[in-house]
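Reading the structure
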Amino acid sequence: MWHIITYEYRQFKADKRFAIVTGLIFILTAFSLYQGTLRTDQAQEIRNDRIAAQQEFYEQKHQELIRINQGEDEPEQWWRHPGHPLALGTFRGSGKFVFPESRALSVIAAGHSDILPDYGRVRLHLTEAVNNHALENPVLKAAGHFDYAFFLVWLIPLFVIALSYNMISAEKERGTYTLLRSMPVTSGQIIRAKVMFRFLLIAIVIIAAAGASFLILGIRAQLPDLLMLLAAILSYLVFWFAVCLLVNLIDLGSAANALSLGGIWILFLLVVPAFINTLASSMYPVPSRAEWIVEQRAIQQQIEADADDILDRFYSEHPGEVPQGELPLYYEYWNTLFITAAVVHEKEQEALTAFKKPQRRQEKLIAALRFLSPPVWLQSRLERLAGTDAQTLRGLHDNMHTFHQEWKAFFIPIFRELRFVEASEFQSIPEP
Amino acid sequence: MNRIPLIICRHELNMLRRNKSVVAGSLLIIAILLMSVWTGAQYYGDLSEQHAAAEETARAQWEGQEAKNPHSAAHYGTHAFKPVTVLSVLDPGVDRYTGVSLFLEAHRQNVTGYSPAEDHNTLSRFGDLNAAFIFSFLFPLLIIFTGYRMMVQERETRMYHFMRSLGVTDRQQAAGKALALWVVTGVMFLPFILVTSGFLIFQQVAPTEWIRFTGMMLTWVLYAGVCIHITIWVSSRVRSSSNALVLLLGVWIISTLAAPRLITNVASAVYPVPDAITLEQYVQADLDSGIDGHNPLNQHTAAFRDSVMAAHNAESPSDLPFNLSGLMLQVSEEYEKRVYDRHRRKVDTLHDRQVRLYRAASFVSPTLVAQLASMGFAGTDIHAHRDFYEQAEEYRFQLMTELNEHLKKHAVGDDAYGFTAGNEFYKQTVSYRYERPETIFSGVPHALQLVLLSVWFLAGLICLSYPGTAHSD
Amino acid sequence: MIEAEGLTKSFNGTKAVHNLTLNIKQGEVYCLLGANGAGKTTTIHLFLDFLKPDSGDALINGISVFSSPVETKKALTYIPENLALYPSLTGIENLAFFAGLGGEKQDEEFLIQCLSEAGLQQEACRKRVSRYSKGMRQKVGVALAIARNSKVLLLDEPTSGLDPAASNDFAMLMHRMMERGSAILMATHDLFRAKETGTRAGIMNKGVLVEEIYTHTVSHSDLEQLYLNHMKG
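Everything numeric in this text was worked out from a predicted model, so none of it was measured. (Residues numbered from 1 in each chain as written. Chains lettered and ligands numbered in written order. Predicted model: local features only at pLDDT ≥ 70, side-chain atom pairs only at ≥ 80, totals over all residues. Heavy atoms only, no water.)

1. A short note on the sheet that holds strand 3 (residues 29–33) of chain C
Residues and elements named next belong to chain C. We count it as follows: When DSSP finds two or more bridges between two strands, those strands count as paired. Strands here mean DSSP runs of E at least two residues long; helices mean DSSP runs of H or I at least four residues long; both are numbered from the N terminus. Note on geometry: axes are C-alpha line fits, over the in-contact stretch for helices, and angles between N-to-C directions span 0 to 180 degrees.
Pairing in this open sheet of 6 strands is mixed, and the strands run 6-7-8-3-9-10 from one edge to the other. Edge strands, defined here as strands with exactly one partner in the open sheet, are strand 6 (76–79) and strand 10 (208–214). Here the average twist between neighbouring strands, direction ignored, is 15 degrees.

Have a look at this one:
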């Protein structure tokens, strides 16, 4: 076995196939990963900017507050007071940024990162998701990225096919097959060795190329993630080599083999995913967001009209919260807003199920069917590893909601007690 | 006209008819194509219903708002919804990646929100069964698989010399074989055109849609022609049929898969578009140097107010024959619009430059230019989206002007304090209706795409008339 | 060493080899003569287990090739009509590869020795096979037999297409192999070579072995006459 592998290698080296395959894999890997680092660096930069701006805001308020406490400064209006819970919790510049779960391997797949929001901003009266790519050219989004996942999912099978479509047929066409078969080896041994050689060649080159690119580009990742990535790539290779092996065993000649493998590639990468895609979206259609927009508006209008009822209900359920004594003018407006906002959120979540339910069903259907197409499986695996899959990114909304609760839990009591945030309390302002 | 190409064509067709995989492949693609029209039509039906309903509700919400100061109504705002075009059934273009709605409010221009892609599933980056995808990806493959051997096999089977001895020239052979591929492709286009025409008649579309549809078909027929000519030409130039296959598939991969993605990376590196918040910061910086209708402390605002008062010899705003806030709001709205327009145009210019890169890359990828042309005709390209945006923005400005004028005119004297406008007024305000441009070639780039595709077509035709003879053993 | 017992093989009802019985001993060169389609190549392919017989058995060193193909292949070397080698490898590399498939690893020096014993020039050994003539490639085949120390050689038209000088070289080589104690089965059209090289000749017609002769008992013209008579009958 090793004997055949060694000589396959010598032949590859001799006729430049080795150089071409290695060179292309190295170039494509380095290029796609480099593009990945550009993308993630940019996202990271924006992220750092936002966090810095937010830290500066609170740092400044803290300093102002200390100056006021020392009697060096006096705020002109209540809303300019640096310790006011509304100034710190909901006014312009305040609030905290919440990010979706980020993964070290995010360089490998752009996934949905240019479509779904990158981060969210949480304030007392409002949580909003922000998409860095909102102004990006839709033509670019439609064309997709040349990322490492694209290279692995779409191009690697072509390398596998190019190297293995004629493992036996080439021997036959060259005439060496008769001599080979007159030797004391079985045809099974020959083909096993050939498949093993090509598998090792591609696997080693891919790993070497990725390893070199990771080192040069300074991409760091956790070992378990890397092992998962490796396992995913190797499984994908195994699948394509199995397909090639099958076609080589049937063996209708080099040209026919190439044609059948090309057909299989098209089937798995173009036809099946497009078919699953269409099936999922026509079985569980997600309605247009136009409906959501008017619905959201209707909810808001409704709640505004019902504000008094809602307040009454709130106070009857929370008798301790009933405001006592003389209240500042702004109090009623903001207090109503905070109480109704929770109801709005609840109603909105109800309305959102019209979108989330078909979405979930679609994903479920795709998850069930993705084994029909290993490329689909690998793509979703890679996006998951990169943390750029739709599910992880949509998780942002949950993160925002969770943090919003913490944020409110900190500021609303202070607001209701009609006091300012103390300078010493600044450290306990919640961080996402 | 020489009859030999026709004889060759008929001979090739006879052979193709007996080739089970060609027949099966063509039937499969026709079936997928018709299915895509069916599912697309359903989606279109649902979507246009939803958008029409939303548009109606939005208007009702606007008209039904409680009595309030017109400027509060301006802040309350309304939504414009992007209409779905019939031809998006055939080519959704970039529609999935553009927002479906635009929030129209005072003082600012928003970004369209909620693209269908946001709600779309994991597979959004894989293909989607629609006519444009099938024409741009699967048709070339079928043409390649059917035609890659046509010329080269004559040499491989030594039929070539025999044909030469009968006086058949290379050019006649190439013409005959290309003709055979044209017939196969034509047969595949035919049921599609019939079914789609039926659908368009059923939908009672406007005459311009028919012109657009014709343009789309022209685009895809030209593109198919490019594929046919290149396939036959390559087949005549290579040494062996497997070389032909590898070469043609390589061209296909570069043209349909690699080039578009590469250009995406290049375009976003060469012409980076600012992120939404950064742009907002630029806009804010510009606005701060202008007139702000809300902030009385702003020095520009104060200067403007003083000048108005001086012009009317008024001591206080209440002495003026009109409502000063109404005027100030309108003036600041105009200023804000100018600032926003300027920044939006900058982004648009960046987008145009990026698209120009795609167009420039069409010299390696006829697919790119065909896709751009097709979505242009379908009205699902970036220009169509921009047209929607601009009309919606125009409407926003009209609406804001009406609101400000109302305030300026009626909130005078005793009415000034606590002035409100009721339903009667909001019902009269201008309403929004998107008008699709009548002209299909809305600009140079549009026509350019068709020209570029024609260049490819002609180049293919010229190549075809010089089939290779170099490797005739 | 090379034995056939009632070997029969038919394709679609046509008997390609019918009830063939052969016994070739050490130090013999047995030439199988016959027209195209007489069954010579089928016979050799049966000995290589490329084909399964309808009935009968083929034995190498007393072992059935059909029940233990790998075992018997270890003992033999086959040189087809047109010995194809890997064009991108050198003569030595090709030899090392094929010899190595038998399990035994040889050093380069030994392989060069084998090649030169087979009549290949030293400098030619290191050239890529794509630049070899047919005669040179056939010599690599013989070198393979030497390297593997095969005592059984199966040759299918080894001299067809060789020029007379190369053909003569090849005959000499066979003679030497015979002297080393090999048993050689050679299918050929070339009556002249059969008489010169072979110790025995068998004439096949339509799958049947119709005549066996010791070549030293007949003259060239006798052999030719005999052959033609069989073809007519």
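2. Regarding helix 14 (residues 374–386) of chain A
All names here are of chain A. Filter applied, for reference: Multiply 1.5 Å by the residue count of a helix minus one, and that product is the helix's expected span. Remark: exposure states derive from per-residue accessible area (1.4 Å probe, protein chains only) relative to the maximum for the residue type, with buried under 20%, exposed over 50%, and partly exposed in between.
For helix 14, built from 13 residues, the straight-helix expectation of 18 Å at 1.5 Å per residue is met to within 8% by its first-to-last C-alpha distance of 18 Å. In terms of burial, helix 14 is largely enclosed, as 10 of its 13 residues are buried. Taken together, the buried positions of helix 14 are Pro374, Pro375, Val376, Leu378, Gln379, Ser380, Leu382, Glu383, Leu385 and Ala386. Remark: glycine 387 follows helix 14 within two positions and exhibits a positive phi of approximately 70 degrees.

3. Here we look at the pairing of strand 8 (residues 183–188) of chain C
All names here are of chain C. With 6 of its 6 residues buried, strand 8 lies for the most part within the structure. In strand 8, alternate side chains face the same way, and those of Ala183, Leu185 and Ala187 on one face and Ile184, Met186 and Thr188 on the other are all buried. Where strand 3 meets strand 8, 5 bridges bridge the pair, whose relative direction is parallel. Bridge pairing in strand 8 places tyrosine 30 opposite leucine 185. As judged from the 5 bridges shared by strand 7 (residues 152–156) and strand 8, these two strands associate in the parallel manner.

4. Some remarks on the packing of helix 9 (residues 207–237) of chain B against helix 10 (residues 241–270) of chain B
Residue and element names in this part refer to chain B. Put simply, the rule reads: Geometric relationships in this document are graded by angle, where less than 35 degrees denotes roughly parallel, more than 145 denotes roughly antiparallel, 65 to 115 denotes roughly perpendicular, and other angles denote oblique. Note on convention: the crossing is left-handed when the near helix lies turned anticlockwise from the far helix by less than a right angle, right-handed when the turn is clockwise. Contacts between residues were defined by any pair of non-hydrogen atoms, one from each residue, lying within 4.5 Å.
Closest axis-to-axis distance for the helix 9/helix 10 pair is 9 Å, and the angle between their directions is 150 degrees. Judged by the angle between their axes, helix 9 and helix 10 are roughly antiparallel. Between helix 9 and helix 10 lies a crossing of right-handed hand. Residues Tyr223, Ile230, Thr231, Val234 and Ser235 of helix 9 touch helix 10, and the partners they reach there are Ala244, Leu247, Leu248 and Thr256.

5. Points about the interface of chain A and chain B
Stated formally: In short, buried area is how much 1.4 Å probe accessible area vanishes from two parts on joining, totalled over both. In the scheme used here, Gly and all other residues not listed as nonpolar or charged are polar, with Ala, Val, Leu, Ile, Met, Phe, Trp, Tyr, Cys and Pro taken as nonpolar and Asp, Glu, Lys and Arg as charged.
Facing the 74 residues of chain A at the interface are 71 residues of chain B. The junction of chain A with chain B conceals about 6600 Å² of combined surface from both sides, 66% of it contributed by carbon and sulfur atoms. Mapped onto the side of chain A that touches chain B, the elements with two or more residues apiece are helix 2 (17–69), helix 4 (138–143), helix 5 (148–164), helix 10 (254–283), helix 11 (289–305), helix 13 (329–369) and helix 14 of chain A. With 19 residues, helix 10 of chain A is the largest single contributor of residues to the side of chain A that touches chain B. Class assignment of the residues belonging to the side of chain A that touches chain B gives a composition of 43 nonpolar, 21 polar and 10 charged.

6. Digging into the pattern of salt bridges
All names here are of chain B. Selection criterion: One side-chain nitrogen of Lys or Arg within 4 Å of one carboxyl oxygen of Asp or Glu is enough to make a salt bridge.
Scanning all chains against the criterion turns up 40 salt bridges over all chains. Note that aspartate 286 and arginine 342 form a salt bridge whose closest N and O atoms lie 2.6 Å from each other. With aspartate 286 in helix 11 (residues 276–288) and arginine 342 in helix 13 (residues 324–360), the pair connects residues that are 56 residues apart, well separated along the chain. In this structure arginine 342 comes out as partly exposed when scored by relative accessible area, which is 43%. One salt-bridge network, in which partners are shared between bridges, spans Glu333, Lys337, Asp341, Arg344, Glu390, Glu393, Glu394 and Arg396.

7. So, a nonpolar patch on the surface
How we decide: Like charges within 9 Å and nonpolar side chains (Val, Leu, Ile, Met, Phe, Trp, Tyr) within 5 Å are joined into patches, using only residues over 30% in relative accessible area that form no salt bridge. Per-residue accessibility takes into account occlusion by the displayed protein chains alone, with areas from the Shrake-Rupley method and a 1.4 Å probe.
Residues Leu458, Leu461, Ile462 and Tyr466 of chain B make up a contiguous nonpolar surface patch of roughly 410 Å² in combined accessible area. For leucine 461 of chain B, the location among the structural elements is in helix 17 (residues 444–464).

8. A few points about the arrangement of the chains
Where 2 pairs of chains are in contact, the pair with the most contacts is made of chains A and B. Nothing in chain B touches chain C, and the closest approach of their C-alpha atoms is 18 Å.

Just distances and angles here, no functional claims.
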